[in-house]
Amino acid sequence: MGGQKIQAPKGVSEYVPPRSRLFDFVRECLIAPAKLAGYQLVELPVFEATELFIRGVGESTDVVSKEMYTFTDRGDRSITLRPEGTAGAMRAVIEHGLDRGQLPIKIWYSGQYFRAERPQAGRYRQFYQVGIEAIGLDDPAIDAEVIAIADAGFKAIGLKKYHLELTSLGDAPSRARHRIDFLTYIATLDLDEATASRTGINPLRLFDDKRPEIKQAMVKAPLLMDYLSDTSRAHFDQVKVYLDSMGISYELNPRMVRGLDYYTGTTFEFVHDLLGAQSGIGGGGRYDGLMKELGGQELSGIGFGLGVDRALLAAEAEGVISKQAFVSDLFIIPLGHGAMVMALAIATKLRMSGKIVDIAFGDRSLKGSMKAADKSGARNVIVLGDAEITSHSMEVKNMSTGVSTSVTIDSLNDAL
Ligand code: HAM
């Protein structure tokens, strides 16, 4: 009995061959710099108590107020699919007492995140991030390191057409001073009730409002950057000095507030120049009050989340990675059972030395197997028959030049 085909839920990103190879490559490029800098893996649940995100990410944000996948589980608990990684990471740090060990705690993670947004190119309801968090250090040097790690990931992919936007959202005294003037300013605006109520929770949200009339109204709004306390200003200046000395260029964007409420101090976003509306390929910043808010001790933190899906789109838009770069090194065509024994042995050995090796399985004709080899994009092909079994030597055909070379089994690895 046949049934109707079932499709993936709307707006999820998923990757199947051949594009999944590129996805894998991009994700590994983004993770590698974090590992090289001594960050350690955390594997955390994709669902958490809803309360975690309400308190951690903030009720005034779109992420919490409109985009969470929240449900009641069988034990009547309110559960939410994680919309981001920082709140869960902090929860785990507190729960496992990592903050009682050596500081800073440096962790990385990678996985799926969920936001019920309106799907479009580069904006999905399930998407992938690679993230890091460095917790328990107030030093501007760690801010610079975190930014440099993100930048190294994008560079490893080969991306060039992106830029870094930077600002400081200040510490509590900076925010308090700014708030007075800012609230006075927005009292002159005619805000609808929903907007006014969000503004009551976090007035800075207005800088993130995409509606033209609000954007227009915000042109003359007082900027937090002009209210930084001496401590915040000195910290931010030092971050810039470190970035300059590492040769990482940035643009100051004093209107950037980002979509999550926990940010304080250094805040940044990597923006790709070819991606249109969904151009943020990664972002992050300090969240100095988050641990305390979640019931832990008062430790500062900074981190980033990089969008793997968008980094892949960016790489494709720039044309910096091609499927060709990831095809196999060798495709073996065995003719008969004796040849299959030899093929399996050769493949196993070559794979141990890091070569990508494919075998033609099944009872295909030589012609059919050659076609399969061609389609697979393998760089080299060998055919194993009785003669090769006896002589332990074979012809290696280079598929791009069409030239065949005779090699022995033992020299096959080098020949490839
Ligand atoms: P975020 O800016 O909300 O930050 O997300 C980080 C990145 O995830 C974005 O720059 C974007 O590339 C990608 N992203 C976000 N939403 C979507 C979506 N719907 N579809 C595709 N990609 C998306 C955070 O999540 C923070 N936790 C980052 C952080 C870590 N801050 C401090 N530590």
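Everything quoted here is computed from the prediction, not taken from an experiment. What you see as residue numbers is a count from 1 along each chain, following the sequence as written. In view of the model being predicted, local features appear only for residues whose pLDDT reaches at least 70, and side-chain atom pairs are presented and counted only at 80 or more, with totals across whole chains, interfaces and linings using the full set of residues. Side-chain numbers here rest on the full set of heavy atoms in the structure, without hydrogens or water.

**Student:** For this particular structure, what's the right way to read the pairing of strand 12 (residues 330-334)?
**Tutor:** The two faces of the sheet receive side chains in turn, since in a regular strand these alternate between them. A simple rule labels every residue: compare its accessible area, found with a 1.4 Å probe on the protein chains alone, to the largest value its type can have, and call it buried under 20%, exposed over 50%, or partly exposed in between. Here a strand is any run of E in DSSP of at least two residues, a helix any run of H or I of at least four, and the numbering for each starts at the N terminus. Burial of strand 12 is extensive: five of the five residues sit out of reach of the surface. Side chains Leu-330, Ile-332 and Pro-334 project from strand 12 onto one buried face, and the interleaved Phe-331 and Ile-333 project onto a second face that is buried too. As defined by bridge partners, strand 12 adjoins strand 13 (residues 357-359) across three bridges and the pair is classed as parallel. Residue pairing across strands places Ile-332 opposite Ile-359, the latter belonging to strand 13. A crossover links strand 12 with its parallel partner strand 13, the connecting element being helix 12 (residues 337-352), and its sense is right-handed. Only when DSSP finds a minimum of two bridges between them are two strands counted as paired. The sheet contact formed by strand 12 and strand 14 (residues 380-384) spans five bridges and is parallel. Paired with Pro-334 across the two strands is Leu-384, which belongs to strand 14. Crossovers are marked right-handed if the path from the first strand over the helix to the second runs clockwise, as seen with the strands pointing away from the viewer.

**Student:** For this particular structure, what's the right way to read unusual backbone geometry?
**Tutor:** Trans peptide bonds make up most of the peptide bonds, and negative phi angles are found at most residues other than glycine. With an omega of 0°, the peptide bond running from Pro-17 to Pro-18 counts as cis. Secondary-structure assignment places Pro-18 in the segment before helix 1 (19-36). Of note, the amide linkage connecting Leu-103 to Pro-104 takes the cis form, showing an omega dihedral of 0°. Of note, Pro-104 is situated in the loop between helix 4 (86-95) and strand 5 (105-114). Here Asp-76, not a glycine, exhibits a phi torsion of approximately 65°, which is positive. As for its position among the elements, Asp-76 is in the loop between strand 3 (69-72) and strand 4 (78-81).

**Student:** Even after reading the chapter, I still don't get the side chain of Asn-380, so can you show me in this structure?
**Tutor:** Relative to the elements of secondary structure, Asn-380 occurs in strand 14. Asn-380 sits in the buried class, given a relative accessible area of 10%. Polar contact criterion, stated in full: a pair of N or O atoms within 3.5 Å, where within protein one must be able to donate a hydrogen and the other to accept it, and residues adjacent in sequence count only if both atoms are side-chain atoms. For Asn-380, the side chain forms a polar contact with the main-chain oxygen of Asp-329, separated by 3.0 Å.

**Student:** Sorry if this is basic, but what is going on with the pattern of salt bridges here?
**Tutor:** The working definition used for a salt bridge is a side-chain nitrogen of Lys or Arg within 4 Å of a carboxyl oxygen of Asp or Glu. This structure, assessed with the given rule, holds 21 salt bridges. A salt bridge links Arg-286 to Asp-138; the nearest nitrogen and oxygen atoms lie 3.8 Å apart. With Arg-286 in strand 10 (residues 280-286) and Asp-138 in the loop between strand 6 (126-135) and helix 5 (140-157), this residue pair connects regions lying 148 residues apart in the sequence. For the salt bridge of Arg-205 with Asp-208, the shortest nitrogen-to-oxygen distance reads 3.4 Å. We classify Arg-205 as buried; its relative accessible area is 7%. A relative accessible area of 26% means that Asp-208 is categorised as partly exposed.

**Student:** What should I look at first to understand the sheet that holds strand 3 in this one?
**Tutor:** The strands that make up a sheet are held in pairs by hydrogen bonds between backbone atoms, and each pair lies either parallel or antiparallel. Taking strand neighbours across the sheet as the criterion, the three strands line up as 2-4-3 in an open arrangement whose pairing is antiparallel. Two strands lie at the open edges of the sheet, namely strand 2 (47-49) and strand 3, each paired on one side alone. Adjacent strand axes in the sheet meet at a mean angle of 35°, parallel and antiparallel pairs treated alike. Bridge count between strand 3 and strand 4: four bridges; the pairing is antiparallel. Axis geometry follows a simple rule: fit a line to the C-alpha atoms, using only the stretch in contact for helices, then measure angles between N-to-C directions, giving values from 0 to 180 degrees.

**Student:** What is the right way to look at the site of the ligand in this model?
**Tutor:** The nearness test applies per residue and asks whether one of its heavy atoms lies within 4 Å of the molecule or strand. Neighbouring the ligand are 28 residues; Glu-84, Glu-117, Tyr-124, Tyr-263 and Gly-280 lie closest to it. Contact between the ligand and Gly-280: an oxygen atom at 2.7 Å from a main-chain N or O atom of the residue. Under the convention used here, a 1.4 Å probe and the Shrake-Rupley method define accessible areas, while residue burial counts only the protein chains that appear. Calculation on the ligand without its partners gives an accessible area of 660 Å², and the protein chains cover 95% of this total. Of all the secondary-structure elements, those providing two or more residues to the shell around the ligand are strand 6, strand 10 and strand 11 (301-307). When residues in the shell around the ligand are grouped by element, the largest group, six residues, is from strand 10.

**Student:** When you look at the sheet that holds strand 1 (residues 40-41) in this model, what are you seeing that I'm missing?
**Tutor:** Pairing in this open sheet of eight strands is mixed, and the strands run 1-5-6-11-10-9-7-8 from one edge to the other. Each edge of the open sheet is held by one strand with a lone partner, namely strand 1 and strand 8 (251-252). Two elements, strand 6 and strand 11, share seven bridges in a ladder whose sense is antiparallel. Bridge pairing links Glu-133 to Gly-303 in strand 11.

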